[in-house]
Amino acid sequence: MIASPYAEQLARIPVREHRLDVLGTETAWWEYGPADAPVIVLVHGFRGDHHGLEPVVAQLPGYRIVSPDLPGFGSSSTFGDRPHDLDAYTEWLGAFIRGAGIEAPYTLLGHSFGSIIASAAVARGLAPERLILVNPIGAPALEGPRGVMTRLAVLYYRTAAALPERPGFALLRNGAIVRIMSVTMAKTKSKPLRRWIHDQHDRYFSAFGSRASVLESFTTSVSHDVSEVAAEITVPTLLIAAERDDVTPIEAERRLATMFPDARLEVIPEVGHLIHYETPGAAARHILGFLGSEAHA
């Protein structure tokens, strides 16, 4: 295990681990910071878990941050009786927030795949005071110049699901494939930071519940995007985008920002789809400014 460059900051923040039954799905979640502080609920990205957003958590010591593992990932169970589609995830998110006793006002933050879930949930009636989307999926993944790569990824997940159990899991957890993904997404020139990012992906990217849940959630992630619901979201929204994002080009993020009734776009230069790993401090500064809480920094 490679030590996190954010470990010292994170160690200053108290953390409590919980388990909660949410619509029949055992959900693991972590609570950081003072119990009486303003609340931010986090929704992580595809094939990640709560660990991925801890570098951002480390920069926000003045908040109570609630960070669950999505069903099918990390330490949470899969959905037992329904597919891992957008309907299931948005219903689960609302039930989780109620079950955890979170009452308004609170801020909802979604990263990557989590941006799809969070924005869809708000469009369907979830009522945070503010919405923050980090590396939002701002355009259809199956269209445009990246469509071919997305279709290859779909084939990869379908093949893994169709194979017998042992070779199917082996394909999904193949270290070389995980490393290629990690190397492609990391933009930092810092060798120690790159080594830590690769270690994080090696440790957590294969913590999923089943081959079926991974295929279903991946299909959900490439079948939807935030632009589908942006016009329906009336709460103040912050988009934190990356100049070199390999998933959603910055031009698409700029178009996305114009679709919301009330949105602000902040662009972090020289970073890609790993804002949460490479530039969590910059992301936190934008978050604090959006929340009007620079005094917490």
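Report follows, based on the coordinates. Computed from a predicted structure; not experimentally measured.

1. Observations concerning the sheet that holds strand β2 (residues 25–32)
Consideration 1: Strand order in the open sheet made by the eight strands is β1-β2-β4-β3-β5-β6-β7-β8, with mixed pairing throughout. Two strands close off the open sheet at either side, each with one partner strand: β1 (15–22) and β8 (263–268). Direction aside, the axes of adjacent strands within the sheet are offset by 20° on average.
Consideration 2: Taken together, the six bridges between strand β7 (residues 237–242) and β8 define a ladder with parallel strand orientation. The residue of β8 that forms the bridge with L238 is R264.
Consideration 3: This element, helix α4 (residues 113–123), spans β3 (39–43), β5 (106–111) and β6 (130–134) of the sheet and lies at about 140° to β5.
Consideration 4: Helix α12 (residues 280–291) rests against β3, β5, β6, β7 and β8 of the sheet, and its axis sits at about 165° to β7.

2. Examining helix α6 (residues 165–172)
Consideration 1: Within the sequence span of α6, burial applies to G168, F169 and L172. Mapping the buried residues of α6 onto a view down its axis gives an arc of 95°, with all of them on the same face.

3. Considering the nonpolar core
Consideration 1: Of all hydrophobic cores here, the largest spans 55 residues; its most connected members are L93, F96 and L108.
Consideration 2: Broken down by element, the residue count for this core peaks at eight residues, all from helix α3 (residues 86–99).
Consideration 3: If we skip the residues at most four places from it in the chain, L93 touches V43, L108, I117, A118, A121 and L126.

4. As for helix α7 (residues 175–185)
Consideration 1: Buried residues of α7: V178, M181, S182 and M185, and no others. All buried residues of α7 project into a common sector of 95° when viewed along the axis, lining one side.
Consideration 2: Buried-residue contacts for α7 involve α6, α8 (191–204) and α11 (275–278).
Consideration 3: For α7, the N-terminal cap is N174; the gap from its side-chain oxygen to the backbone nitrogen of A176 is 3.0 Å.

5. Let's talk about the pattern of salt bridges
Consideration 1: Under the definition given, this model contains ten salt bridges.
Consideration 2: Among the salt bridges present, the one from E31 reaches R16, with a minimum N-O distance of 3.3 Å. Residue E31 is found in strand β2, and its partner R16 is found in strand β1; the two are separated by 15 residues along the sequence.
Consideration 3: Under the relative-accessibility criterion, E31 is labelled buried at 7%.
Consideration 4: Across the pair R124 and D87 runs a salt bridge, and its minimum N-O distance is 2.7 Å. Here D87 lies in helix α3 and R124 lies in the loop between α4 and β6, a separation of 37 residues in the sequence.

6. Description of the layout of surface pockets
Consideration 1: Considered as a void within the structure, the second largest pocket measures approximately 190 Å³ in volume.
Consideration 2: Around the second largest pocket, the lining is made up of 13 residues, and of these S4, L10, E54, W196 and Q200 lie nearest the centre.
Consideration 3: At the level of secondary structure, the elements contributing two or more residues to the lining of the second largest pocket comprise α1 (7–11), α2 (54–57) and α8.
Consideration 4: For the lining of the second largest pocket, the leading source of residues is α8, giving four residues.
Consideration 5: Across the lining of the second largest pocket, the residue classes break down as eight nonpolar, three polar and two charged.

7. A few points about the pairing of β3
Consideration 1: Among the five residues of β3, five are classified as buried, and the element is accordingly described as predominantly covered.
Consideration 2: What you see with β3 is no split at all: V39, V41 and V43 on one side and I40 and L42 on the other are buried throughout.
Consideration 3: Pairing of β3 with strand β4 (residues 64–68), which is carried by three bridges, proceeds in the parallel orientation. Each residue of the ladder has a partner; that of V39, found in β4, is R64.
Consideration 4: Here β3 pairs with β5 via five bridges, running parallel. Each bridged residue has a counterpart across the sheet, and for L42 the counterpart in β5 is L109.

8. Some points on the packing of aromatic side chains
Consideration 1: All told, the structure shown has 13 aromatic pairs when counted by the stated rule.
Consideration 2: Taken together, a centroid distance of 5.7 Å and an interplanar angle of 80° make the contact between W29 and F96 edge-to-face. One end of the pair, W29, is in strand β2; the other, F96, is in helix α3, with 67 residues separating them in the sequence.
Consideration 3: For W29, a relative accessible area of 7% translates into the label buried.
Consideration 4: Geometrically, the ring pair formed by F169 and F208 is stacked, given 5.9 Å between the ring centres and 5° between the ring planes. One end of the pair, F169, is in helix α6; the other, F208, is in the loop between α8 and α9 (211–223), with 39 residues separating them in the sequence.

9. Quick notes on the pairing of β1
Consideration 1: The sheet contact formed by β1 and β2 spans eight bridges and is antiparallel. Within the sheet, the bridge partner assigned to V15 lies in β2 and is Y32.
Consideration 2: Remark: two residues form the turn of the hairpin made by β1 and β2, two consecutive strands paired antiparallel; L23 in that turn has positive phi of roughly 55°.

Conventions we followed
Residues numbered from 1 in each chain as written. Predicted model: local features only at pLDDT ≥ 70, side-chain atom pairs only at ≥ 80, totals over all residues. Heavy atoms only, no water. Pairing = 2+ DSSP bridges. Helix = DSSP H or I, 4+ residues; strand = E, 2+ residues; numbered from the N terminus. Axes fitted to C-alpha atoms, helices over the stretch in contact; angles between N-to-C directions. Contact = heavy atoms within 4.5 Å. Buried < 20%, exposed > 50% of the residue type's maximum accessible area, 1.4 Å probe, protein only. Arc of directions from axis to C-beta. Core = buried A, V, L, I, M, F, W, Y, C linked by side-chain atoms within 4.5 Å. Polar contact = N/O pair within 3.5 Å; in protein donor to acceptor, adjacent residues only side chain to side chain. Salt bridge = Lys/Arg side-chain N within 4 Å of Asp/Glu carboxyl O. 1 Å grid on protein atoms, 1.4 Å probe; cavity = no way out; pocket = protein on both sides within 12 Å on 5 of 7 lines; lining within 4 Å. Points joined across faces, edges and corners; volume = space filled by probe spheres on them. Nonpolar A, V, L, I, M, F, W, Y, C, P; charged D, E, K, R; others polar. Phe/Tyr/Trp six-rings, centres within 6.5 Å; stacked < 30°, edge-to-face > 60°.

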